[in-house]
Amino acid sequence: MQNSTANAQLKQVAQIDTVAKSVYVDNLDNIYLLSERDELLKYDRTGKLKWRYSNNRFGRLQSVDVSDPLRIVLFYADFQQVMVLNNNLNEIANYSFAKNGNLLVSAVASGNNNSLWIFDRTANVLIKLSSNFTEDIRSASLFQLFDEVVDARKIVASDQYVFLQRKSGGILQFDRFGAFVKDLPIDSLSDFNITSNTIVYFKGAELFKYQPGSLESSKQKMPITLPIKQVAVGNKLIAVLSEKAVFLLSDN
């Protein structure tokens with residue numbers, strides 16, 4: 001894997017003085033914060049609060065997928081429940097995986113054409129569901145591929161690929177038909193983002209961008225001296241979550 005250092009300097013352009021446990025940024029540079037009480041807060045690119053959403057019916061909110069700004073996908077693992085929100089954070093669809101007694105879903109991601117990618121722990125497979133939540137694509141058993149039980153910490157889908165972060169470490173790359181492509185040489189990540197088929201992650205005090213096709217990697221120094229909890233990447237904005245605030249950075 002080849003490494004290079006990006007020349008563009010990241011600069012702070014705004015700040016959100018809100019305590020949160022997670023941060024997300026969509027490709028329109030809207031920022032989403034998940035509060036300690038699992039309330040989802042949506043801000044515009046200037047840091048102004050626009051909308052909020054709260055749901056206490058399904059326990060802890062495990063994951064938030066904002067890759068489609070018009071279709072925010074929330075997953076409540078304890079109740080095996082998916083909620084879909086529009087750009088104003090109003091509910092537009094929902095589905096319970098508990099309806100299917102053979103499914104045990106551990107991770108969910110938004111796909112193209114209003115589809116969902118899910119990981120079924122029971123069968124150890126990656127599944128694509130169509131817009132009406134019926135099965136469209138199923139991968140080969142990952143147990144058969146790796147001779148061990150695989151579980152997903154996180155799934156992220158781009159136009160061409162699906163990336164699955166294993167709970168045991170590492171990221172697996174699949175094509176849009178659910179066929180396994182390769183095990184990427186990236187490990188020890190707490191989180192990662194996908195922008196235009198590029199894997200973006202934070203490590204140490206640097207932001208890394210990794211190209212799965214060419215295996216090339218670039219890095220940028222973060223201009224934040226406070227301890228960083230998480231980094232989320234949008235189109236032109238980068239949101240950096242600290243203990244007390246979120247810093248919005250840009251290199252433009």
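Residues numbered from 1 in each chain as written. Predicted model: local features only at pLDDT ≥ 70, side-chain atom pairs only at ≥ 80, totals over all residues. Heavy atoms only, no water.

A. Highlighting the overall build of the protein chain. Secondary structure assignment for the protein chain yields one helix and 25 strands. For the protein chain, whose C-alpha radius of gyration is 18 Å, the value lies close to the compact-globule estimate of 18 Å for 252 residues. With respect to the principal axes defined by its C-alpha atoms, the protein chain has extents near 50 × 45 × 30 Å. With 252 residues in all, the protein chain has 52% of them scored as buried. (Helix = DSSP H or I, 4+ residues; strand = E, 2+ residues; numbered from the N terminus. Rg over C-alpha atoms; globule rule 2.2 N^0.38 Å. Buried < 20%, exposed > 50% of the residue type's maximum accessible area, 1.4 Å probe, protein only.)

B. Up close: the pairing of strand β5 (residues 40–43). Residues of β5 alternate between two faces, with L40 and K42 on one and L41 and Y43 on the opposite face, all of them buried. Across four bridges, strand β4 (residues 31–34) lies against β5 in antiparallel orientation. Looking across to β5, one finds that L34 is bridged to L40. Here β4 folds back onto β5, and the loop between the two strands holds five residues, one of which, D38, carries a positive phi near 65°. Sheet topology places β5 next to strand β6 (residues 49–53); four bridges connect them, and they run antiparallel. (Pairing = 2+ DSSP bridges.)

C. Broad picture of the sheet that holds strand β8 (residues 72–76). Strand order in the open sheet formed by four strands is β7-β8-β9-β10, with antiparallel pairing between adjacent strands. The sheet terminates laterally at β7 (63–65) and β10 (91–96), the two strands that pair on one side only. Neighbouring strand axes in the sheet, compared pairwise and without regard to direction, differ in orientation by 15° on average. Pairing of β7 with β8, which is carried by three bridges, proceeds in the antiparallel orientation. What sits directly across from V64, in β8, is L74. (Axes fitted to C-alpha atoms, helices over the stretch in contact; angles between N-to-C directions.)

D. Just the side chain of Q230, in detail. As for its placement among the helices and strands, Q230 is situated in strand β23 (residues 230–233). Here V23 takes part through its backbone oxygen, which lies 2.9 Å from a polar atom of the side chain of Q230. Within the structure, Q230 has its side chain in polar contact with the side chain of D191 (distance 3.1 Å). In this structure Q230 touches K21, S22, V23, D191, A239, V240 and L241, once residues within four positions along its chain are discounted. (Polar contact = N/O pair within 3.5 Å; in protein donor to acceptor, adjacent residues only side chain to side chain. Contact = heavy atoms within 4.5 Å.)

E. How the structure looks around the side chain of Q173. Mapping Q173 onto the fold places it in strand β17 (residues 171–175). Of the residues examined, Q173 reaches a relative accessible area of 2% and is grouped as buried. The contact partners of Q173, leaving out residues within four places of it in the chain, are Y161, V162, F163, A179, F180, V181, K182, L184 and P212.

F. View of the environment of D44. Residue position: D44 is located in the loop between β5 and β6. The class for D44 is buried, based on a relative accessible area of 18%. For the pair D44 and V108, spaced 64 residues apart in sequence, the C-alpha to C-alpha distance is 25 Å. Those residues in contact with D44 that lie beyond four places of it in its chain are D29, N30, I31 and K50. Within the structure, the side chain of D44 is placed 2.6 Å from the side chain of T46, a separation counted as a polar contact.

G. How the structure looks around the environment of G178. Relative to the assigned elements, G178 resides in the loop between β17 and β18 (180–184). A residue is classified by how much of its surface remains accessible, and G178, at 4% relative accessible area, is buried. Considering only alpha carbons, one finds G178 and N112, 66 residues apart in sequence, at a separation of 14 Å. Not counting residues within four places of it along the chain, the set of residues in contact with G178 comprises W117, I137 and S139.

H. Seen up close, the pairing of strand β13 (residues 125–129). Of all five residues making up β13, five are buried, and the element is well covered by its neighbours. Burial of β13 is two-sided: the residues V125, I127 and L129 facing one way and the residues L126 and K128 facing the other way are all buried. As judged from the five bridges shared by strand β12 (residues 116–120) and β13, these two strands associate in the antiparallel manner. Its bridge partner being in β13, D120 is matched across the sheet by V125. Once β12 ends, the chain turns through four residues before running back antiparallel as β13, passing N124 with a positive phi of about 60°. The sheet contact formed by β13 and strand β14 (residues 135–138) spans three bridges and is antiparallel. Paired with I127 across the two strands is R138, which belongs to β14.

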